[in-house]
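Given next are the chains, with one letter for each unit.
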Amino acid sequence: MTVAIVTGGASGIGRAIAAALVERGARVVIADLNLQAAELAAKQLTETAGPAAGRLTEAGHGRADAARLDVTDGAAVLACYRAVAAEHGRLDLVFNNAGIAIGGVTEEFTLDHWDRVIDVNLRGVVHGVHAAYPIMLAQGGGHIVNTASLAGLVQPAIMIPYTVTKSAVVALSVALRAEGAARGVRVSALCPGFVDTPLLDNVNAGLPPTGVNDKTRRVIGRLQPRMYTADKLAVDVMRGVARNKPIIVAPASARFAALVARYTPAIAQAVNRQQVRRYLREGA
């Protein structure tokens, strides 16, 4: 049975990934800052995949368990990952997925904005890698998937702290993939476009508001009119993991945007400048 950890697994992309894993017969630990939500998700996913649902894979019935985890606490992440590996004898898949959204223009951000997004989106992934990678090296295999974003590939404005952290996660993942390749450890970066999750309703959560706060979905609608669902993304993720893709980009509109940014950066910059002008003129 595959053993997996999904951080930020109680909702959104994390929950959809956990659901896809459980459906495939995996034993999944849903690690989230919100323990109550994680326990509810674990209960629902286990029941959905259990004998009563009539779903049985070659690996058996999947199961989800819950754990409270603050990914900004490196010691807690290390303890959690080691405990899971010790209990099950291995750790096959780790999805360092927990993240927060930050939006606005740079002069609107306080250092609290910067500190929070770096702590969660970047240090949280670093903590997950620091905990999981040695375990996988010791057992001779495993796969780490770090959730970045399309922002890590196209470097959009009006969210620069977020862009910086997600770009760093892509760089970390690509470099670590080279180190782990000859030693049996696979590494991928997940770079989704805009996905319809609660994250979009909690931009700058608990932090001073910026002009983007009340207009997030309107801004996004201009860039990606049709929102992608987390469940569809999870299918893409499972396919990408199975194929050992270095960077998993979805949906198709995100792949197109990434290609434009890579091969015609002048066009990508023009679109970026247009969004900034509109934000400054309209307040988003």
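The structure under discussion appears in the preceding block.
Residues numbered from 1 in each chain as written. Predicted model: local features only at pLDDT ≥ 70, side-chain atom pairs only at ≥ 80, totals over all residues. Heavy atoms only, no water.

## Re the overall build of the protein chain
Phase 1 of the analysis: A tally of regular secondary structure across the protein chain gives ten helices and seven strands.
Phase 2 of the analysis: The proportion of buried residues among the 284 residues of the protein chain is 50%.
Phase 3 of the analysis: Sequence-distant contacts in the protein chain: of pairs separated by 6 or more residues, those separated by 24 or more amount to 74%.
Phase 4 of the analysis: Accessible surface for the protein chain amounts to roughly 13,200 Å². Of this, 55% is attributable to carbon and sulfur atoms. (Helix = DSSP H or I, 4+ residues; strand = E, 2+ residues; numbered from the N terminus. Buried < 20%, exposed > 50% of the residue type's maximum accessible area, 1.4 Å probe, protein only. Contact = heavy atoms within 4.5 Å. Areas by Shrake-Rupley, 256 points an atom, 1.4 Å probe, with all protein chains shown as cover.)

## Some words on the pattern of salt bridges
Phase 1 of the analysis: Tallied over the full model, the rule gives six salt bridges.
Phase 2 of the analysis: Where E47 meets K43, a salt bridge forms, and the shortest distance between an N and an O atom there is 2.8 Å. Placement of the pair is E47 and K43 together in helix α2 (residues 35-49), with a separation of four residues, close to one helical turn.
Phase 3 of the analysis: Each member of the salt-bridge network shares a partner with another, and the members are R27, R63 and D65. (Salt bridge = Lys/Arg side-chain N within 4 Å of Asp/Glu carboxyl O.)

## A look at the side chain of D236
Phase 1 of the analysis: Among the secondary structure elements, D236 is positioned in helix α8 (residues 230-242).
Phase 2 of the analysis: There is a polar contact of 2.7 Å between the side chain of D236 and the side chain of Y228.
Phase 3 of the analysis: With residues up to four places along the chain from it excluded, the contact list for D236 reads Y228, I248 and A250. (Polar contact = N/O pair within 3.5 Å; in protein donor to acceptor, adjacent residues only side chain to side chain.)

## Re the environment of I13
Phase 1 of the analysis: With respect to the element layout, I13 can be found in helix α1 (residues 12-23).
Phase 2 of the analysis: Its relative accessible area of 16% is what places I13 among the buried residues.
Phase 3 of the analysis: The spatial distance from the C-alpha of I13 to the C-alpha of D231 is 7.6 Å, given a sequence separation of 218 residues.
Phase 4 of the analysis: Beyond its immediate chain neighbours, meaning those up to four positions away, I13 contacts N97, L190, P192, V195, T197, A230 and L233.

The values reported here are purely geometric and, on their own, carry no functional implication.
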